[in-house]
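# Architecture at a glance
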Amino acid sequence: AQSVTQLDSHVSVSEGTPVLLRCNYSSSYSPSLFWYVQHPNKGLQLLLKYTSAATLVKGINGFEAEFKKSETSFHLTKPSAHMSDAAEYFCVVSEPYSSASKIIFGSGTRLSIRP
Amino acid sequence: DAGVTQSPTHLIKTRGQHVTLRCSPISGHKSVSWYQQVLGQGPQFIFQYYEKEERGRGNFPDRFSARQFPNYSSELNVNALLLGDSALYLCASSPRDRGFGSAETQYFGPGTRLLVL
């Protein structure tokens, strides 16, 4: 069965320090993995996606994520946090050639940035 | 280019009423999906439509229905509203049917916030 777990419901970092948002997944196949960001009163925006090409994926706004099959992880990182990064982040897993119902969102991680 | 648009932005209904939410996809996108996001949780998949046909359905009761029109816009209908239907309803569009490959990126609208009293 397919599932996704975001290990932290809330992460707080100081501006200028690194960000790490953790995501573990479970899938019977080689899944596609996504990170989306949701700012207050805004729609979900794609940060990056992994589709079985390079395991280190670079996204927008300086974010990147590394697919580690042995650890079934897809953690999101950024070297230096900015105040504008404060938002809710969702890890998403999707199995190949599956029905639309096989798209699973994690429960989200709220990122707070301290000045 | 205009993104995915949804209307209305906010809605207040009472239990037992019916609601219709509307979505216009990005121009050229033929697939529309609907999600329910309850406060504090991640979005849950409700429906996907492609070329006016239902392609997938999540674990929601029959009170939830949807359709897609020839111009690829879509409506989500919910009958006999319950308090638990209060949520942010998100619409997402993508160029193709998700069955062609799960790597398809979905583009989300801002959502309709529904409050059931």
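Note on numbering: residues in each chain are counted from 1, in written sequence order. Chains carry letters from A onward and ligands carry numbers from 1 onward, assigned in written order. Per-residue local features of the predicted model are confined to residues with pLDDT of at least 70, and side-chain atom pairs are confined, for both listing and counting, to 80 or more; whole-chain, interface and lining totals are unaffected and use all residues. Neither water nor hydrogens contribute to the side-chain values; these are computed over all heavy atoms in the structure.

### Digging into the overall build of chain B
Labels follow the DSSP assignment, with helices taken as runs of H or I lasting at least four residues and strands as runs of E lasting at least two, numbered in each case from the N terminus. Scanning chain B for helices and strands turns up 0 helices and 11 strands. In chain B, the succession of helices and strands from N to C terminus is β-β-β-β-β-β-β-β-β-β-β. Only the C-alpha atoms count toward the radius of gyration. The rule for a globule is 2.2 Å times the residue count to the power 0.38. A globule of 117 residues ought to have a C-alpha radius of gyration of about 13 Å, and chain B, at 13 Å, matches this closely. With respect to the three principal axes, the spread of C-alpha positions in chain B is 40 × 30 × 30 Å. Buried, partly exposed and exposed residues are distinguished by accessible area as a fraction of the type maximum, computed with a 1.4 Å probe on protein chains only: under 20%, between the cut-offs, and over 50%, respectively. In chain B, which comprises 117 residues, the share counted as buried stands at 52%. In this description, contact between two residues means that some pair of their heavy atoms is separated by no more than 4.5 Å. A fraction of 54% describes how many contacts in chain B between residues 6 or more apart in sequence connect residues 24 or more apart.

### Observations regarding a nonpolar patch on the surface
Candidate patch residues must exceed 30% relative accessible area and have no salt bridge, after which like charges are joined if within 9 Å and Val, Leu, Ile, Met, Phe, Trp or Tyr side chains if within 5 Å. Areas reported as accessible are Shrake-Rupley estimates using a 1.4 Å probe. Residue values count occlusion only from the protein chains shown. Salt bridges are identified by distance alone: a Lys or Arg side-chain nitrogen within 4 Å of an Asp or Glu carboxyl oxygen. Judged by side-chain polarity, B:Ile12, B:Leu115 and B:Leu117 come together as a nonpolar surface patch covering roughly 300 Å² of accessible area. Relative to the assigned elements, B:Leu115 resides in strand E11 (residues 112-116).

### What to know about the state of the cysteines
Here, two cysteine sulfur atoms that lie within 2.5 Å of each other are counted as a disulfide. Following the criterion strictly, the structure yields 2 disulfides over all chains and no others. The disulfide that involves A:Cys23 links it to A:Cys91, with 2.0 Å between the sulfurs. When the S-S torsion is -70°, as for the bridge of A:Cys23 with A:Cys91, the disulfide is left-handed. Within this pair, whereas A:Cys23 is found in strand E4 (residues 23-26), its partner A:Cys91 is found in strand E10 (residues 87-94), the two being separated by 68 residues in sequence. Grouping residues by exposure puts A:Cys23 and A:Cys91 together as buried. In this model B:Cys23 forms its disulfide with B:Cys91; the gap between the sulfur atoms is 1.8 Å. Judged by the sign of its S-S torsion, about -65°, the cystine formed by B:Cys23 and B:Cys91 is left-handed. One end of the pair, B:Cys23, is in strand E3 (residues 19-24); the other, B:Cys91, is in strand E9 (residues 87-94), with 68 residues separating them in the sequence.

### Thoughts on the side chain of A:Thr109
Residue and element names in this part refer to chain A. When you line up the elements, Thr-109 lands in strand E12 (residues 109-114). Looking at Thr-109, its side chain comes within polar contact range of the side chain of Gln-6, at 3.2 Å. The definition of a polar contact used here is a pair of N or O atoms within 3.5 Å, where within protein one atom must be able to donate a hydrogen and the other to accept one, and adjacent residues in sequence count solely through side-chain atom pairs. Among the polar contacts made by the side chain of Thr-109, one reaches the main-chain carbonyl oxygen of Asp-8 at a distance of 2.5 Å. Contacts of Thr-109, omitting those with residues within four sequence positions, involve Gln-6, Asp-8, Ser-9, His-10, Val-11, Leu-21, Ala-87, Glu-88 and Tyr-89.

### Some thoughts on empty space enclosed by the protein
A 1.4 Å probe that fits but cannot get out identifies a cavity on a 1 Å grid over protein atoms alone, an open set with protein on both sides within 12 Å along at least five of seven lines counts as a pocket, and a residue lines either if it has an atom within 4 Å of a point. Grid points are joined across faces, edges and corners, and a volume is the space filled by probe spheres set on the points. In the structure shown here, the tally under the stated rule is 1 cavity of 30 Å³ or more. Its volume calculated, the largest cavity comes out at about 60 Å³. Taken together, 10 residues line the largest cavity, and the ones lying closest to its centre are A:Phe34, A:Tyr36, A:Val92, A:Ile103 and B:Gln106. Of all the secondary structure elements, the ones that give two or more residues to the lining of the largest cavity are strand E5 (32-38), E10 and strand E11 (103-105) of chain A. For this classification, Asp, Glu, Lys and Arg are treated as charged, while Ala, Val, Leu, Ile, Met, Phe, Trp, Tyr, Cys and Pro are nonpolar and the rest, including Gly, are polar. Taken together, the residues of the lining of the largest cavity sort by class into 6 nonpolar, 2 polar and 2 charged.

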